[in-house]
Amino acid sequence: MGMLDLSNCSLRSLPPALAEAAATVVLDLTDNPLTALPNGSFLGFTQLQCLAVPLSLGCPGGSGAWEEVTASGSSRLCRGQRNLCNSSTELAWPCPENAACAPAGPGLAQCLCSSPFHGYKCLREGAFPVLLFCGILGTVTLSLSVLLWGTQRRKAKTP
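Residues numbered from 1 in each chain as written. Predicted model: local features only at pLDDT ≥ 70, side-chain atom pairs only at ≥ 80, totals over all residues. Heavy atoms only, no water.

Under an unreviewed UniProt entry, the chain has the name All-trans retinoic acid-induced differentiation factor-like and belongs to Patagioenas fasciata monilis.

**Considerations on the UniProt feature "transmembrane region" (unreviewed entry) in the chain**
The positions that UniProt labels "transmembrane region" (unreviewed entry) are, in the present scheme, residues 126-149. Across residues 126-149, helical content stands at 83% and strand content at 0%; the span's end C-alpha atoms are separated by 39 Å. (UniProt positions renumbered as here; feature names shortened; annotations may be inferred. Helix = DSSP H or I, 4+ residues; strand = E, 2+ residues; numbered from the N terminus.)

**Quick word on the UniProt feature "domain: EGF-like" (unreviewed entry) in the chain**
Per the UniProt record, "domain: EGF-like" (unreviewed entry) is found at residues 111-122. Taken as a whole, residues 111-122 contains 0% helix and 42% strand, while its terminal C-alpha atoms sit 9 Å from one another.

**Comments concerning the packing of aromatic side chains**
Here the structure, examined in full by the defined rule, presents one aromatic pair. When the ring of Phe42 is compared with that of Phe45, the centres are 5.4 Å apart and the planes differ by 80°; the resulting orientation is edge-to-face. For the pair shown, Phe42 and Phe45 are each scored as buried. (Phe/Tyr/Trp six-rings, centres within 6.5 Å; stacked < 30°, edge-to-face > 60°. Buried < 20%, exposed > 50% of the residue type's maximum accessible area, 1.4 Å probe, protein only.)

**Notes on the environment of Cys101**
With respect to the secondary-structure elements, Cys101 resides in strand β6 (residues 99-105). Considering only alpha carbons, one finds Cys101 and Cys111, 10 residues apart in sequence, at a separation of 4.6 Å.

**Some points on the sheet that holds strand β2 (residues 24-28)**
Sheet architecture is open: five strands sit in the order β1-β2-β3-β5-β4, paired in mixed fashion. Whereas interior strands pair on both sides, the edge strands pair on one side only; in this sheet they are β1 (2-5) and β4 (66-72). Pairs of neighbouring strands in the sheet enclose a mean axial angle of 20°, with direction left out of account. In this structure, β1 lies alongside β2, joined through four bridges in parallel fashion. From the neighbouring strand, Met3 faces β2, where its bridge partner is Val26. (Pairing = 2+ DSSP bridges. Axes fitted to C-alpha atoms, helices over the stretch in contact; angles between N-to-C directions.)

**Points about the state of the cysteines**
Across all of its chains, the model carries four disulfides by this definition. Across the disulfide from Cys85 sits Cys101; the S-S distance is 1.9 Å. Here the S-S torsion is close to -70°, and the disulfide linking Cys85 with Cys101 is therefore left-handed. Taken together, the positions of Cys85 in the loop between β5 (75-81) and β6 and Cys101 in strand β6 put the pair 16 residues apart, joining distant regions of the chain. In this structure Cys85 comes out as partly exposed when scored by relative accessible area, which is 24%. What pairs with Cys95 in a disulfide is Cys111, and their sulfur atoms sit 2.1 Å apart. (Disulfide = S-S within 2.5 Å.)

**Thoughts on the pairing of strand β7 (residues 108-113)**
Pairing of β6 with β7 involves six bridges; the strand directions are antiparallel. The partner of Pro103 across the bridge, within β7, is Ala109.

**So, the nonpolar core**
Leu27, Leu29, Phe42 and Leu51 are the most contacted members of the largest nonpolar core, which has 18 residues in total. If we skip the residues at most four places from it in the chain, Leu27 touches Leu4, Leu6, Leu18, Phe42, Leu48, Cys50, Leu51 and Ala52. (Core = buried A, V, L, I, M, F, W, Y, C linked by side-chain atoms within 4.5 Å. Contact = heavy atoms within 4.5 Å.)

**Some words on the pairing of β5**
Each regular strand displays side chains that alternate between the two surfaces of the sheet. In terms of burial, β5 is largely enclosed, as five of its seven residues are buried. Judged from the six bridges that link them, β4 and β5 form a sheet pairing that is antiparallel. For Ser72, the partnering residue across the bridge sits in β5 and is Ser75. Where β4 hands over to β5, the hairpin turn is made up of two residues, of which Gly73 adopts a positive phi near 65°.

What follows is the structure in structure tokens.
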């Protein structure tokens, strides 16, 4: 996407639509009355390399999530997003045996299951049983629908 300039837009909080700009490389949020950057605000912003925020705010993910953090004038500049998966610091939660770490934004990482594993903690091997799951779900839904239709139909006939 390139550069997104939201400076001096009178933003008191980050707009929900900001998530659609996850491919942004440079983002300017200076000169806005922002009070906080909630955790996860930049989830998916893996390409973000330069972020300018008001001086009162810290860089998302903390200063350890960036190669360089500088303050000048009324803004703080966060440059060079670090990949937590390649850093020497240990993740707060290690990925399970059958998963690989993947960056998910500034100070964020996610564990992706290696093929052919899936499910909770990547413990299930093989493909997800889609037909079995949909068949059981469909049967239960149809059975409950027929049961409810039959019981409600009897009540509607009684005067």
